[in-house]
Amino acid sequence: MSLARAVALHLRKDLRLEWRSKDAVNSMLFFTLLVVVVFAFAFDPLAEESRLIAGGIGWVALLFAAIVALNQSWARELRNGVLDALRLAPAPANALFLGKVIANFVFVAAIEALITPVFVVFYNLRIIGSGWQLILVAGLGTWALIVNGTFFAALSIRTRNRELMLPLILFPISLPALLAMVMATTNILTGERVPTDWIKLLAVYDVVFTAVSLLLFESILGAE
Amino acid sequence: MIEPGFNSENDNSQLQAAVVLEGISKLFGRFAALHDLTAILPAGRLYALLGENGAGKTTLLRIIAGLARPTQGTVRVLGCNVARNTSARIGYMAHATLLYDDLTARENLDYFVGLYSGQQRISSQESLEMVGLENVDPRRRISHYSQGMKQRLALARALVSSPDLLLLDEPFSNVDAKSISAMSSLLGELRDHGTTVVVITHQVEAVVGVADEWITMHAGTIVRRNKSLQGAGIPRRGEQ
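Residues numbered from 1 in each chain as written. Chains lettered and ligands numbered in written order. Predicted model: local features only at pLDDT ≥ 70, side-chain atom pairs only at ≥ 80, totals over all residues.

To continue, consider the overall build of chain A. Within chain A, the regular secondary structure consists of 8 helices and 0 strands. Overall, chain A shows an N-to-C arrangement of helices and strands of α-α-α-α-α-α-α-α. Each principal axis of the C-alpha atoms in chain A carries an extent, and together these give about 55 × 30 × 30 Å. Across chain A, every contact between residues at least 6 apart in sequence was considered, and the portion connecting residues at least 24 apart equals 86%. (Helix = DSSP H or I, 4+ residues; strand = E, 2+ residues; numbered from the N terminus. Contact = placed C-beta atoms within 7 Å.)

Here it is as structure tokens:
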């Protein structure tokens, strides 16, 4: 069975399950909205200040919100023991991983698209740098969070406190990516510097962690 | 009716071993779920695995399926030592349904049929027909199924790979008498077409007409193997 076909099969199933339950998307949307609104009222920043802090607030809110989706995505496989059926199936294990990563990426990207106008309104944002770079940073940054998050969610799936374990493992590992995302976003919003180096760092981070996750996922799936 | 795809040329495999277990032990911490268990299960037969709760039946089935590794001993399934090489030829039905509640029966089965692409398999329609669920409303999610219907669908899922070895853990739980009879006949037909079937059950009457051998487990090991149900009873505490 080809990898692409198996990935498409897993992806279609995950999208269909989320479309019906809306568990992950609703929780993420509610959480990010809450953070954006609460911070906006708590600090009431001026336009200049907003450009400095918006990157940090936005990405941290999305990181916390993504944890919900990441935990949900594997919890589905544990319910009714479906993971055992997947372990027995001859389809490539990496296809399951990639299908989940792409599905989670779609969910988080959808939240980003929904939350961005709210963010712009509440923080009086206007991009001074180039807008296409912001889209690139969003894509690379989201992939960095999701690929790591999906991998470590799979790793912690059988632990008793998996909801707690995932952020404990994920946050330290994601720090370089988070730093690059925040710095690149701030540079783009303020227009003070060109964020090329941060974008390169994000790209390298994505390539390295995607490769490592793909190499190790089969052993994690096969673990008792 | 058994659809094409299940083994029909099985004269030689009757003589071969589907499962060879040598000195299998499985420890969970200090608790030994299985203890120095050795057995050979020739292919093409239907085995009823009996035993009280905690006797190690489910652990044994999971080890045969390759879902758990023995702490000691070697397992050879369908002629291979490596579980990954044989997993596609094994049908496994557990206590849980191994299905997604938010999908319909067809969506669930299509998904699993897709995962066996390029392998020997049957269509979702065929597997639904085999368990008598072909006329259920196709829009109905399985979260709305009765427990018995879920069990039959779980069996249908285990059959999509057209397995050479079928491992069933309590397949008759919560199933009505008519469906038990139909499932039992189906298992007999599968056996007749060469599939090796291992069934864990507390409802011995369900497999009385089809079981070739009764294997009784107690305290993590096999204590009796009988060709008939007589004498295959569960031993009392302390008896072995």
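Further remarks concern the packing of helix α7 (residues 162-190) of chain A against helix α8 (residues 196-222) of chain A. Residues and elements named next belong to chain A. Relative orientation of the contacting elements α7 and α8 amounts to 150 degrees, with a least axis distance of 9 Å. Accordingly, the angle class assigned to the pair α7 and α8 is roughly antiparallel. The way α7 lies across α8 gives a crossing that is left-handed. Counting all contacts with α7, which are made through P176, A177, A180, M181, M183, A184 and N187, the residues of α8 involved are W198, I199, L201, L202 and Y205. (Axes fitted to C-alpha atoms, helices over the stretch in contact; angles between N-to-C directions. Parallel < 35°, antiparallel > 145°, perpendicular 65-115°, else oblique. Left-handed = near helix turned anticlockwise from the far one by under 90°.)

This part covers the interface of chain A and chain B. Counting from both sides, the interface comprises 19 residues of chain A and, opposite them, 26 residues of chain B. Mapped by element, the contributors of at least two residues to the side of chain A that touches chain B are α1 (3-21) and α4 (82-88) of chain A. Considering each element in turn, the side of chain A that touches chain B owes the most residues, 7 residues, to α1 of chain A. Of the residues contributing to the side of chain A that touches chain B, the split by class is 9 nonpolar, 3 polar and 7 charged. (Nonpolar A, V, L, I, M, F, W, Y, C, P; charged D, E, K, R; others polar.)

Residue and element names in this part refer to chain B. Taking 1.5 Å per residue as the helical rise, helix α6 (residues 177-192) with its 16 residues ought to reach 22 Å, and the 23 Å between its terminal C-alpha atoms agrees with that figure. Within α6, the full set of buried residues consists of M183, S184, L186, L187, L190 and R191. Burial along α6 is one-sided: seen end-on, the buried residues are contained in an arc of 160 degrees. Turned more than 90 degrees off the buried face of α6, the exposed positions are A177, K178 and S185. Where α6 is buried, its residues touch β3 (46-51), α4 (124-130), α5 (147-159), β6 (165-169) and β7 (196-200). Downstream of α6 by a residue or two, G194 has a phi angle that is positive, lying close to 105 degrees. (Expected span 1.5 Å × (residues − 1). Buried ≥ 20, exposed ≤ 12 C-beta atoms within 10 Å, placed from the backbone. Arc of directions from axis to C-beta.)

Another aspect to go through is the pairing of strand β2 (residues 31-42) of chain B. All names here are of chain B. Examined bridge by bridge, strand β1 (residues 17-28) and β2 share 8 bridges and lie antiparallel to one another. Counterpart to K26 in the pairing with β2 is L34. As consecutive antiparallel partners, β1 and β2 are separated by 2 residues, and within that stretch G29 has a phi angle of approximately 65 degrees, a positive value. (Pairing = 2+ DSSP bridges.)

It is worth spelling out the sheet that holds strand β5 (residues 90-93) of chain B at this point. Residue and element names in this part refer to chain B. One open sheet holds the 6 strands; their spatial order is β5-β6-β7-β3-β8-β9, and the pairing between them is mixed. Each end of this open sheet is capped by a strand with a single partner; those strands are β5 and β9 (221-226). Averaged over all pairs of adjacent strands, the angle between strand axes in this sheet comes to 15 degrees, irrespective of strand direction. Summarising the sheet, β3 and β7 pair through 4 bridges and their orientation is parallel. Looking across to β7, one finds that A48 is bridged to V199. Packed onto the sheet, α5 meets β5 and β6 and runs at close to 165 degrees relative to β5.

All names here are of chain B. Strands sit in the order β2-β1-β4 across an open sheet of 3 strands; the sheet is antiparallel. The two strands at the open ends of the sheet, each matched to only one other strand, are β2 and β4 (72-77). The sheet shows a mean angle of 15 degrees between the axes of neighbouring strands, direction not considered. Where β1 lies against β4, 5 bridges are found, and the strand directions are antiparallel.

Coordinates in, geometry out; function isn't part of it.
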